[in-house]
Amino acid sequence: MRKEKKTGTEYRVFTLLLYVIFSILMTAVIASKKNMHTDEVLTYGLANAPEGWITLTNGEVYSPARKAWMDYVTVDENRFDYAVVWRNQAMDVHPPLYYALIHTICSFFPGKFSLWFAGAVNLIFAVLTLWVSRRLLEELTQDSDAVFWGTVFFILSAGILSAVSFLRMYIMAMFEVTFVTWLFVQAVQRGCSWKFYSRLFIAAIAGALTHYYFLVYLFFICVVYGVYLLLHKEFKSAVMVTLSMLLAGAAAVSLFPDMIRHMFLDNGNRGEESIRNLKNMSFSAYAERLRFFYDCVNEQLAGGLLTCLLAAAILSVIYGIVHRRNHGKSQTAMPLLLLLLPAICYFLLVAKMAVLMECRYIVPVYAVVLVGIFSLLYRGVWTWIRQKYRKVTLWLVICAMTAGGWHVCEWEHLYLMSAEFLEKTEQYSEENIIYVYDKKWKLVNGFFEAGNYHNAEFINLEKRQLEGIHFKGESSLLVNITNSCDQDSVLDKILEICPLLNTYEMVGGYDYTTTYYLR
């Protein structure tokens, strides 16, 4: 019996179901977070705090202990004050658009904090990225079944889900990278238009104001597309694309002039550090970084099978050239090159210029790479496998990559390793705590831990001595000390000046600090 095709309504309902499943998976992952990275707390602080960085008054007793952090991450009287956002980002190292979104959401909930304020931004832009990725797959394959398989591959990707759980601007940047890729692929298939130029103009401004690494990708994809236009003697289109990008750059700089200083002028800033890496990094150090970032892609997006897939893709291309075979009218070379070449160039450059060896710096190209991986897989299966085995083979490989990704993914942004420590601190809910530190930014990620304590006092060793602490008469006390301080000396001094305290034991630590219980 002939199988009937789904009607338009059935197809839309089925597609909506895929988006719902993706949203449920992302929500479950974000809800599993046990703690926050310093930069995630800074997401809220730099979006909302008039001072930009957390303000701690030495010697003042904060009640409850978490108050210092709550004052930092929440909006109070400065609701919808975007001058604060722009000023904070001028002092920091990132452009302001993402922080403006966070500030807008927080402004509707003054005095409140929730992971879901930033989590909602990630959810929205991840769904938008899936939408654009499906459009890319349609352009590349012209096959509704392939779009479905690619969608399943996307929504079950451990790498995508793990990236969504990191509450920073990288998912927003991933959407913008994927969107401009779709615009260029569409332009190759259908030609340039005023709609294309206007969308590209807006997307370029938004991306530049989200993360500077977006500009790296934009440069490479513009070069690839520009060469394509010149080879086809479409000089007018080449000029129009160039003008669009120049105007977008001027608009972005006029909206946030400090981006020039961030990228090129500030000594000791991230831009200066990146340039130093580009100039001075040894070949061995660069090779180590390439291996690290390749492992990020290989493990999180391809389940450890990327090397095999690339080898098969190369063999497929060689086979096609030798036999001059056309593997389907949808499989033109230029859209696939436009998908892969800028991502590869971005990978090679960012691997060298990134300040830290962390997977987050290549997250902006994750969706493009995922679509590229699937496109290579689809092309390879349709080249090498007999027709009656193609779907089964595609499913098996997708299942293998998905299962492999889940098996090796460390879910680093959930900070599961701190769950036991945080659970242990809950037994000290009636205890006061002294925070002894040298640099206040090292205390930022103590936000969740502080919620388990009674009152808190902060002592900056560079500005104030321990003798003046308020909790001298306590028979038990918690002390949190940054790891860069001489912890033994600090503890001995507190035991000396607090007559009711005789000994101490380590409760545990998280990132830059360690907490002790004194009694």
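Parameters and conventions
Residues numbered from 1 in each chain as written. Predicted model: local features only at pLDDT ≥ 70, side-chain atom pairs only at ≥ 80, totals over all residues. Heavy atoms only, no water. Helix = DSSP H or I, 4+ residues; strand = E, 2+ residues; numbered from the N terminus. Buried < 20%, exposed > 50% of the residue type's maximum accessible area, 1.4 Å probe, protein only. Contact = heavy atoms within 4.5 Å. Areas by Shrake-Rupley, 256 points an atom, 1.4 Å probe, with all protein chains shown as cover. Lys, Arg positive; Asp, Glu negative; His and termini not counted. Charge placed at Lys NZ, Arg CZ, Asp CG, Glu CD. Pairing = 2+ DSSP bridges. Core = buried A, V, L, I, M, F, W, Y, C linked by side-chain atoms within 4.5 Å. Disulfide = S-S within 2.5 Å. Patch = residues over 30% accessible without salt bridge, like charges linked within 9 Å, V, L, I, M, F, W, Y side chains within 5 Å. Salt bridge = Lys/Arg side-chain N within 4 Å of Asp/Glu carboxyl O. Axes fitted to C-alpha atoms, helices over the stretch in contact; angles between N-to-C directions. Left-handed = near helix turned anticlockwise from the far one by under 90°. Nonpolar A, V, L, I, M, F, W, Y, C, P; charged D, E, K, R; others polar. Expected span 1.5 Å × (residues − 1). Arc of directions from axis to C-beta. Phe/Tyr/Trp six-rings, centres within 6.5 Å; stacked < 30°, edge-to-face > 60°. Lys NZ or Arg CZ within 6 Å of the ring centre and 35° of its normal. Polar contact = N/O pair within 3.5 Å; in protein donor to acceptor, adjacent residues only side chain to side chain.

Asks: Give me the lowdown on the overall build of the protein, citing residues and values where you can.
Replies: Secondary structure summary: the protein contains 22 helices and six strands in total. Structurally, the protein occupies a C-alpha span of about 85 × 55 × 50 Å along its principal axes. A buried classification covers 56% of the 519 residues belonging to the protein. Taking the contacts inside the protein whose residues are at least 6 apart along the sequence as the reference set, 79% of them involve residues at least 24 apart. About 23600 Å² of surface is accessible on the protein, with carbon and sulfur atoms providing 61% of the total. Distance from the positive charge centre (45 side chains) to the negative charge centre (44 side chains) of the protein: 16 Å.

Asks: I'd like to hear about the sheet that holds strand E6 (residues 513–518), residue by residue, with values.
Replies: Taken together, the six strands give an open sheet; going across it, the order is E1-E3-E2-E4-E6-E5, and neighbouring strands pair in mixed fashion. Each edge of the open sheet carries a strand with a single partner, namely strand E1 (61–62) and strand E5 (504–510). Bridging between strand E2 (residues 433–437) and strand E4 (residues 477–482) involves four bridges; their strand directions are parallel. Within the sheet, the bridge partner assigned to Ile 433 lies in E4 and is Leu 478.

Asks: I'd love a proper account of the pairing of E6, names of residues and values included.
Replies: Across the six residues of E6, six count as buried, placing the element largely inside the fold. Neither face of E6 is left uncovered, since the one carrying Thr 513, Thr 515 and Tyr 517 and the one carrying Thr 514, Tyr 516 and Leu 518 both have all their residues buried. As defined by bridge partners, E4 adjoins E6 across six bridges and the pair is classed as antiparallel. Within E6, the position partnered with Leu 477 by the bridge is Leu 518. Looking at chain direction, E5 and E6 are connected through six bridges and run antiparallel. Residue Gly 508 lies in a different strand from E6, and its bridge partner there is Thr 515.

Asks: Describe the nonpolar core, and please don't skip the residues or the numbers.
Replies: The biggest cluster of nonpolar side chains holds 163 residues, and the ones touching the most others in it are Tyr 225, Ile 362 and Phe 458. Non-local contacts of Tyr 225, meaning those with residues more than four positions away in its chain, are made with Phe 184, Ala 187, Val 188, Cys 192, Phe 196, Val 241 and Leu 338. Phe 471, Ile 494, Tyr 516 and Leu 518 belong to the second-largest nonpolar core, a separate cluster that totals 19 residues.

Asks: Now, about the state of the cysteines: what can you tell me, with residues and values included?
Replies: By the definition in use, this model includes one disulfide. Residue pairing for Cys 296: its cysteine sulfur links by disulfide to Cys 359, the two sulfurs lying 2.0 Å apart. Here Cys 296 and Cys 359 share a disulfide; its torsion about the S-S bond, -70°, makes the bridge left-handed. Here Cys 359 lies in the loop between helix H17 (333–353) and helix H18 (366–384) and Cys 296 lies in helix H15 (residues 283–302), a separation of 63 residues in the sequence. Looking at the unpaired Cys 308, the closest cysteine sulfur is the one in Cys 399, lying at 17 Å. The thiol of Cys 485 is not disulfide-bonded; the next cysteine sulfur, from Cys 498, is found 17 Å away. You can call Cys 485 buried: its relative accessible area is 11%.

Asks: If you had to explain the pairing of strand E3 (residues 456–460) to someone new, which residues and values would you point to?
Replies: Among the five residues in E3, five count as buried, and that is most of the element. Alternating positions in E3 separate into two faces, Ala 456, Phe 458 and Asn 460 on one and Glu 457 and Ile 459 on the other, with burial throughout. The sheet contact formed by E1 and E3 spans two bridges and is antiparallel. If you follow Tyr 62 over to E3, its bridge partner there is Ala 456.

Asks: Help me get a handle on a negative patch on the surface, residues and values and all.
Replies: There is a patch of like negative charges on the surface, built from Asp 295, Glu 299, Glu 410 and Glu 412. Residue placement: Glu 299 occurs in helix H15. With a relative accessible area of 34%, Glu 299 lands in the partly exposed category.

Asks: Would you mind going over the packing of helix H1 (residues 8–31) against helix H6 (residues 115–141) in detail, with residue names and values included?
Replies: Close contact between H1 and H6 brings their axes to 10 Å; oriented N to C, the two are set at 145°. Judged by the sense of rotation from one axis to the other, the crossing of H1 with H6 is right-handed. From H1, Tyr 11, Thr 15, Leu 18, Tyr 19, Phe 22, Ser 23, Met 26, Thr 27, Ile 30 and Ala 31 reach across to H6, where they touch Trp 116, Gly 119, Leu 123, Ala 126, Val 127, Leu 130, Trp 131 and Arg 134. Considered class by class, the residues forming the contact of H1 with H6 number 13 nonpolar, four polar and one charged.

Asks: Help me get a handle on helix H12 (residues 235–255), residues and values and all.
Replies: The end-to-end C-alpha separation of H12 is 30 Å, in line with the 30 Å expected for 21 residues at 1.5 Å each. Residues of H12 that are buried: Ser 237, Ala 238, Met 240, Val 241, Ser 244, Met 245, Ala 248, Ala 251 and Ala 252. All buried residues of H12 project into a common sector of 165° when viewed along the axis, lining one side. For H12, exposure combined with an orientation more than 90 degrees from the buried face picks out Lys 236, Leu 246, Leu 247 and Ser 254.

Asks: Any chance you could break down the packing of aromatic side chains for me, citing the residues and the numbers?
Replies: A full pass over the atoms with the stated rule returns 37 aromatic pairs. Arranged with centres 4.7 Å apart and planes meeting at 85°, the rings of Phe 113 and Phe 447 form a pair that is edge-to-face. Of this pair, Phe 113 sits in the loop between helix H5 (97–107) and H6 while Phe 447 sits in helix H21 (residues 447–450); the two residues are 334 residues apart in sequence, bridging distant segments of the chain. Phe 447 carries the same exposure label as Phe 113, and that label is buried. Linked through ring pairs, Phe 184, Trp 194, Phe 196, Tyr 197, Tyr 225 and Tyr 228 together constitute an aromatic cluster. Geometry around Phe 447 places Arg 66 over its ring, the cationic atom sitting 4.0 Å from the centre. A cation over a ring is seen here: Lys 352 above Tyr 286, with NZ or CZ 5.4 Å from the ring centre.

Asks: An account of the side chain of Asn 432 is needed here, citing residue identities and associated values.
Replies: Relative to the elements of secondary structure, Asn 432 occurs in the loop between helix H20 (419–425) and E2. Of the polar contacts made by the side chain of Asn 432, one reaches the backbone nitrogen of Asn 455; its length is 3.2 Å. Reaching out from Asn 432, the side chain makes a polar contact with the side chain of Glu 474 at a distance of 3.3 Å.

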